[in-house]
Amino acid sequence: MNPSLKGKTLFITGASRGIGKAIALKAAADGANIALFAKTTEPHPKLPGTIYTAAEEVRDAGGTPLVCVGDIRHEEQLKAAIDQTVETFGGIDILVNNASAIALTGTEATSMKSYDLMHQINSRGTFMASKLCLPHLRQSDNPHILNLAPPLNMAPHWFGRHVAYTMAKYGMSLCVLGMADEYKNKVAVNALWPKTVINTAAVQNQLGGVPAVQAARQPSIMADAAYAILTRPVAAASGHFFIDEEILRDTGVSDFSPYRVDPTLEDNQLLPDFFLD
């Protein structure tokens, strides 16, 4: 029997666009229930899509969407969304901690407002969503938490370039390290990170726009890799820091050209993502 997410309920943070939405659409194709948690209700001049357009796409893909409008920095909004998800679908099987904020600034150039935003969304938001979902996840027959977070690479240059951002992202990674041990054989807790830059709004806004996007892969590679993780049994995959290309190679994928934004580029011409030496 092929693994499937049919009938499973996913709670995805930052689900209105990018990688979060791509994971939602991949699961929707199996007929999954998707709780989309995000705060984008109105079109943004620099960020395409809203939580409502994402919900329409989930429905069109074959899933059952639930729109949960909220800000991950506010506990009462997140808890209300999780309660609404459980009330609607009867439980939660998978949590995807995708919501993230980025500012690639040095120490003196980082405002405390920016610092607080990254830590409130990345580290604190991931911890809080996990904490609030875990009582429900533990009732599932194959529960997973998947954090969109990098492997813990302690090379100093990854801190020296943008220490505030690195600290915030590594907070998400430390959640994997700690919770995988705390919930061993009960809830699978893993991280997923791309080998190359991914074509998202953050890349377009932070990494120089069109040139960076051209040397990127589409979010669909992360969705396919996430699917490969989330359909595994708890005991078979927990505490891992997966890289998208590596896990897909393990599933038999050898041609990654369909994922390239620019099909004329070779894989070795793509921009590598942060935190990978």
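Computed from a predicted model, the values in this text were never measured in an experiment. (Residues numbered from 1 in each chain as written. Predicted model: local features only at pLDDT ≥ 70, side-chain atom pairs only at ≥ 80, totals over all residues. Heavy atoms only, no water.)

Colleague: Would you take a moment to explain the pairing of strand β4 (residues 94-97) for this structure?
Modeller: Looking down a regular strand, the side chains alternate between one sheet face and the other. The two faces of β4 match: Ile 94 and Val 96 on one face and Leu 95 and Asn 97 on the other face are all buried. Two elements, strand β1 (residues 9-13) and β4, share three bridges in a ladder whose sense is parallel. Residue pairing for β4: Ile 12 is matched across the bridge by Val 96. Examined bridge by bridge, β4 and strand β5 (residues 144-147) share four bridges and lie parallel to one another. If you follow Asn 97 over to β5, its bridge partner there is Asn 147. Considered for its hand, the β-α-β crossover made up of β4, helix α4 (residues 112-137) and β5 is right-handed. (Buried < 20%, exposed > 50% of the residue type's maximum accessible area, 1.4 Å probe, protein only. Helix = DSSP H or I, 4+ residues; strand = E, 2+ residues; numbered from the N terminus. Pairing = 2+ DSSP bridges. Right-handed = clockwise from strand over helix to strand, strands pointing away.)

Colleague: It is not clear to me how the pattern of salt bridges should be interpreted in this structure. Could you clarify?
Modeller: Where charged atoms from two side chains of opposite charge come close, those side chains can pair. If you walk through the whole model with that rule in mind, you get 11 salt bridges. Measuring nitrogen to oxygen at the nearest pair gives 3.0 Å for the salt bridge that ties Asp 83 to Lys 79. With Asp 83 and Lys 79 both in helix α3 (residues 75-89) and four residues apart, the pair spans about one turn of that helix. One connected set of salt bridges, linked through shared partners, spans Lys 195, Arg 217, Glu 245, Arg 249, Arg 260 and Asp 267. (Salt bridge = Lys/Arg side-chain N within 4 Å of Asp/Glu carboxyl O.)

Colleague: Just to check I follow, could you spell out the packing of aromatic side chains for this structure?
Modeller: Two descriptors summarise a pair of aromatic rings, namely the distance from one centre to the other and the angle between the planes of the rings. Evaluated as defined, the whole model comprises 10 aromatic pairs. Each ring, one from Trp 158 and one from Phe 274, has its centre 6.2 Å from the other, and the planes form 65°; the classification is edge-to-face. One end of the pair, Trp 158, is in helix α5 (residues 157-160); the other, Phe 274, is in the segment after α10 (244-250), and 116 residues separate them in sequence. This pair shows no difference in class: Trp 158 is buried, exactly as Phe 274 is. Aromatic pair Phe 274 and Phe 275: ring centres 6.1 Å apart, planes at 70°, arrangement edge-to-face. Through a chain of ring-to-ring contacts, the aromatic side chains of Trp 158, Phe 159, Tyr 165, Tyr 170, Trp 193, Phe 274 and Phe 275 assemble into a single cluster. Positioned above the aromatic ring of Tyr 227 is the side chain of Lys 26, whose terminal nitrogen or guanidinium carbon lies 5.1 Å from the ring centre. When the ring centre of Trp 158 is taken as origin, the NZ or CZ atom of Arg 161, which lies over that ring, is 4.5 Å away. (Phe/Tyr/Trp six-rings, centres within 6.5 Å; stacked < 30°, edge-to-face > 60°. Lys NZ or Arg CZ within 6 Å of the ring centre and 35° of its normal.)

Colleague: In this structure, what is going on with the packing of α3 against α4? I would like to understand it.
Modeller: Two quantities define a packed helix pair, namely the angle between the axes and the distance from one axis to the other. Between α3 and α4, the least distance of the axes is 10 Å, while the angle of their chain directions is 30°. Classed by the angle they form, the pair α3 and α4 counts as roughly parallel. Considering the relative orientation of α3 and α4, their crossing is right-handed. Where α3 approaches α4, its residues Glu 75, Leu 78, Lys 79, Ile 82 and Val 86 are matched on the opposing element by Met 128, Ala 129, Leu 132, Cys 133 and His 136. (Axes fitted to C-alpha atoms, helices over the stretch in contact; angles between N-to-C directions. Parallel < 35°, antiparallel > 145°, perpendicular 65-115°, else oblique. Left-handed = near helix turned anticlockwise from the far one by under 90°. Contact = heavy atoms within 4.5 Å.)

Colleague: Would you mind showing me how to read the side chain of Asn 142 here?
Modeller: Position of Asn 142 among the secondary structure elements: in the loop between α4 and β5. For Asn 142, a relative accessible area of 17% puts it in the buried group. Among the polar contacts made by the side chain of Asn 142, one reaches the main-chain carbonyl oxygen of Arg 232 at a distance of 2.9 Å. (Polar contact = N/O pair within 3.5 Å; in protein donor to acceptor, adjacent residues only side chain to side chain.)

Colleague: Can you walk me through the sheet that holds strand β6 (residues 188-193) in this structure?
Modeller: Where strands meet in a sheet, backbone hydrogen bonds hold them as pairs that are either parallel or antiparallel. Pairing is parallel in the open sheet, where seven strands are placed in the order β3-β2-β1-β4-β5-β6-β7. With one partner strand each, in any of the chains shown, β3 (64-69) and β7 (241-243) form the two edges of the open sheet. Here the average twist between neighbouring strands, direction ignored, is 20°. Lying on the sheet, helix α2 (residues 51-61) is in contact with β2 (33-38) and β3; it crosses β3 at an angle near 170°.

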